[in-house]
Each structure stands twice: as structure tokens, then as C-alpha cells.
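Now for the letters of each chain:
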Amino acid sequence: MRLGVLASGRGSNLRNLVARGFEVVGVVTNRPSCGAAEFAREEGLALGEFAQKDHPSHEARDGAMRDWLIARQVDLVVNAGYDRILTAGFIAPFAGRIINIHPSLLPAFAGSMHAVEQALASGVAVTGCTVHLVTEEVDAGPILLQEPVPILPGDDRASLHERIQVAEHRLLPQAIQLMSERLAQTRTALG
Ligand code: GRF
């Protein structure tokens, strides 16, 4: 299955997907100097750089990203640490074929860029990560898979996020596999 990966950060999820042999046919970033973009260059992966400053609006930027991914015949779009809300014009052609990984057990701490800190501050004993389908409502699309991660005495943001990422590196590949099976079934049903 041909994956397009959207990333703005360190890129550990992207690295994990490549290490596990997933077919990443394109990486899209809005932050050309991020770790994920550097990794894409090192690996010789096709890299689409879409800094907001090069586009007149969010819609224009997302439209350019969408067209770039469509040209690469992407089957599934994977948000792996992409830090902007996708506009309707991006989502529409990929509806049901965009997934996102979020570092909490949704719906807890939905829509937050600080879900790990918020879990610590809230006093919950368990947090985790969620892979869900992307819809226009942020972090609210149908949940595909979740994995709990206990909060341990003495945890800080860094230690907790590190353990959540270990779980993410298991969960995201499982979710892609699940989507691959579902999309294959849909194709069969359509004949
Ligand atoms: C992950 O924790 C993910 O849940 C969140 O952003 C982070 C990306 O990490 N959406 P990385 O860039 O893949 O290391």
C-alpha cells in the first residue's frame, strides 16, 4: 500500500515505518528543517516541502499538498506528528483514507498540542495513544486502535512521552495494516 506521510517534528514514527518496510512514496512537511524532513532527504524519499510562507492561505497550501500526494498515487495518508489542522479541501479526496496518531487515549485531551503535559497535570493514572481516521472535526474521527500507557511515579513530560512513543511505534504499523485490510475489502466489495 502506497503511503504518504505528513510530518512536522522529529520523525520517529516516519523512521519506524521505513524501518519496518512500509512503502512510503512521499513525505510532506510544513517545516522543511524538521527531523522528519532531514530523514526523508537522507533516505532519498520524495519530499514535498510546503511551508506556509510560500502559500497565500491555508487552503492554498493544503491544496498544493493534496495535489502532490494525488500525483504520487497515495493509497493512505498518515499524519505522523503533523502539527496543522487539515482543511476540508485536503480531506475530501482522501476521505476515509487519512489516519492520525495522537498521544492520548482519545477523547481525552483531544485537540491538544500538549496532550502529554495535560495527562500529567490532570492526575490520571493511565494515558496512551490513539490512531483514528481524520475528519474535519479535530481528533474526533472514528477510532481505529488504542494502547494504554501507565503514568509512573516521578514521570515528567519527557519520560512519559518516550514511553508513549514506544507504544506509538507498535500501534501505527498495526493501524496501517488494519487500514490496508479494510481498503482491500472495500475494493473487493466494489468488484
Ligand atoms: C507523536 O507523539 C504523535 O502522537 C504526535 O506527534 C508526535 C510525533 O512524533 N501527534 P515523531 O515526530 O514521529 O517522533
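About the thresholds
- Chains are numbered independently. Their residues run from 1 in the order of the written sequence.
- Totals for whole chains, interfaces and linings use every residue, but because this is a predicted model, local features are given only for residues with pLDDT of at least 70 and side-chain atom pairs only at 80 or more, for both listing and counting.
- Excluded from the side-chain calculations are hydrogens and water; all other atoms, namely the structure's heavy atoms, are used.
- The term salt bridge refers to a side-chain nitrogen of Lys or Arg lying within 4 Å of a carboxyl oxygen of Asp or Glu.
- A run of H or I in DSSP becomes a helix once it reaches four residues, and a run of E becomes a strand once it reaches two; helices and strands are each numbered from the N terminus.
- Buried, partly exposed and exposed residues are distinguished by accessible area as a fraction of the type maximum, computed with a 1.4 Å probe on protein chains only: under 20%, between the cut-offs, and over 50%, respectively.
- Nearness here has a simple test: a residue counts as near a molecule or strand if at least one of its heavy atoms is within 4 Å of that partner.
- Each polar contact in these results corresponds to two N or O atoms within 3.5 Å; when the atoms are within protein, one needs to be able to donate a hydrogen and the other to accept it, and residues that are neighboring in sequence are counted only if both atoms are side-chain atoms.
- Using a 1.4 Å probe, the Shrake-Rupley method yields the accessible areas, and only the shown protein chains count as cover for residues.
- Residue polarity follows a fixed list, in which Ala, Val, Leu, Ile, Met, Phe, Trp, Tyr, Cys and Pro are nonpolar, Asp, Glu, Lys and Arg are charged, and the others, Gly among them, are polar.
- Contacts are residue-level and defined by heavy atoms, with any inter-residue pair within 4.5 Å sufficient.
- Classification of ring pairs uses Phe, Tyr and Trp, with its six-membered ring standing for Trp, and accepts pairs whose centres are within 6.5 Å; under 30 degrees between planes counts as stacked, over 60 as edge-to-face, and the remaining range as tilted.

Chemist: Mind showing me how you'd approach the pattern of salt bridges here?
Modeler: For side chains bearing opposite charge, pairing can occur when the charged atoms are close. In the structure shown here, the tally under the stated rule is eight salt bridges. We note a salt bridge from D83 to R31, for which the minimum N-O separation is 2.6 Å. Of the two residues, D83 sits in the loop between β4 (76–79) and α4 (88–91) while R31 sits in the loop between β2 (24–29) and α2 (35–43), which places them 52 residues apart along the sequence. Its relative accessible area of 32% is what places R31 among the partly exposed residues. The partner of R61 in a salt bridge is D62, and the shortest N-O contact between them spans 3.3 Å. The class for R61 is buried, based on a relative accessible area of 3%.

Chemist: Even after reading the chapter, I still don't get the site of the ligand, so can you show me in this structure?
Modeler: Every residue near the ligand is listed here: G9, R10, G11, S12, N13, G81, I101, H102, P103, H161, Q165 and E168. The contact in question runs from an oxygen atom of the ligand to an N or O atom on the backbone of P103, over 3.4 Å. The protein chains hide 87% of the 370 Å² of surface that the ligand would expose on its own. For the shell around the ligand, the secondary structure elements donating two or more residues are α1 (12–19), β5 (98–102) and α6 (157–190). Along the lines of polarity and charge, the residues of the shell around the ligand split into two nonpolar, eight polar and two charged.

Chemist: Help me understand the environment of H102, please; the structure alone is not making it clear to me.
Modeler: Topologically, H102 is positioned in strand β5. A sequence separation of 13 residues divides H102 from A115, and the C-alpha atoms of the two residues are 8.2 Å apart. If we ignore the near neighbours within four places in the chain, the residues touching H102 are F109, A110, G111, S112, A115, G128, C129, T130, D139 and E168. At 2.9 Å, the side chain of H102 forms a polar contact with the backbone oxygen of F109.

Chemist: Help me understand the packing of aromatic side chains in this model?
Modeler: How two aromatic rings sit relative to each other is given by the distance of their centres and the angle of their planes. Counted by the stated rule, this structure contains two aromatic pairs. Taken together, a centroid distance of 6.2 Å and an interplanar angle of 80° make the contact between F50 and W68 edge-to-face. A residue pair is termed long-range when its members are at least 10 positions apart, and F50 in the loop between β3 (47–49) and α3 (58–71) and W68 in helix α3 qualify at 18 residues. For the pair shown, F50 and W68 are each scored as buried. Between the aromatic rings of F90 and F94, the centroid separation amounts to 5.4 Å while the plane-to-plane angle is 45°, which identifies the pairing as tilted. We classify F94 as buried; its relative accessible area is 2%.

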